[in-house]
Amino acid sequence: SIRIWLKNVIEDGDELEKQYRYGAGRLCGRLYVKDFGVQSCQQRLRDFILDNEYVDIDMNNAHFRCLSHVVSQWNKSHPDNLLVSNKKKKGFHTSVEWLKKLWNEINVIRETLWNAEQYSEFKNGRNTDNPKSSFLNKILCKVEARILQIAIRTEKCNDDCAIPMFDGILIRKTAKTSDIA
């Protein structure tokens, strides 16, 4: 519970080392705190606990930048500016022509990756409603996590107590974020 966790934080001098795990049934991807930690808290409570000493650094358009990276491994001429969601099960309905084209492109990408042997490990899953989008999400979470782990492992970031936060990290405001980015 939060009460026990806060008591432990106070007793251990304002910092607790926490362990993280991957999502249920996964061997890679986003990291989630084991038991309880800052990552588990609602934002307003987290901000109160951290007393405005940390800043949240997020990856902008994380999954679409990761998708662009994955696709660039297959096709060197692919653009770097993907910006819409891929979670619609029955297709994407819009009158905006470029969104239609982008949705169609995402479908081609998803099918290409689905048929690629190197990504077959991501096909297993519990999502029977939309397995191919779930599959693509797993790939993107793995790439995203790899990028965040590189940032977290930098000397500057480690010295300033980085906390994984899904598609970003919390880091002390005193850190020089330009050394991490």
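Residues numbered from 1 in each chain as written. Predicted model: local features only at pLDDT ≥ 70, side-chain atom pairs only at ≥ 80, totals over all residues. Heavy atoms only, no water.

A.B. asks: Any details on the nonpolar core? Residues and values, ideally.
C.D. replies: With 24 residues, the main nonpolar core has Leu67, Val70, Leu113, Tyr119, Phe122, Phe135 and Ile139 as its most contacted residues. Every element with two or more residues in this core is listed here: helix H3 (62–74), helix H4 (97–114) and helix H5 (131–153). With 7 residues, the single largest contributor to this core is H5. Counting residues in hydrophobic clusters, the runner-up holds 9 residues, among them Trp5, Val9, Leu50 and Tyr54. (Core = buried A, V, L, I, M, F, W, Y, C linked by side-chain atoms within 4.5 Å. Buried < 20%, exposed > 50% of the residue type's maximum accessible area, 1.4 Å probe, protein only. Helix = DSSP H or I, 4+ residues; strand = E, 2+ residues; numbered from the N terminus.)

A.B. asks: An account of the packing of aromatic side chains is requested, with residue identities and associated values reported.
C.D. replies: In the structure shown here, the tally under the stated rule is 4 aromatic pairs. Judged by centre distance (5.4 Å) and plane angle (65 degrees), the ring pair of Trp5 and Phe36 falls under edge-to-face. Of this pair, Trp5 sits in helix H1 (residues 2–11) while Phe36 sits in the loop between strand S2 (31–33) and helix H2 (43–50), and the two are 31 residues apart along the sequence. On the basis of an interplanar angle of 55 degrees and a centroid distance of 5.7 Å, the ring pair of Tyr32 and Phe166 is categorised as tilted. Pair noted here: Tyr32 is in strand S2 and Phe166 is in the loop between strand S4 (163–164) and strand S5 (168–172), with a separation of 134 residues, a long-range link. The class of Tyr32 is partly exposed, set by a relative accessible area of 30%. Against the face of Trp114 rests Lys123, its NZ or CZ located 4.9 Å from the ring centre. (Phe/Tyr/Trp six-rings, centres within 6.5 Å; stacked < 30°, edge-to-face > 60°. Lys NZ or Arg CZ within 6 Å of the ring centre and 35° of its normal.)

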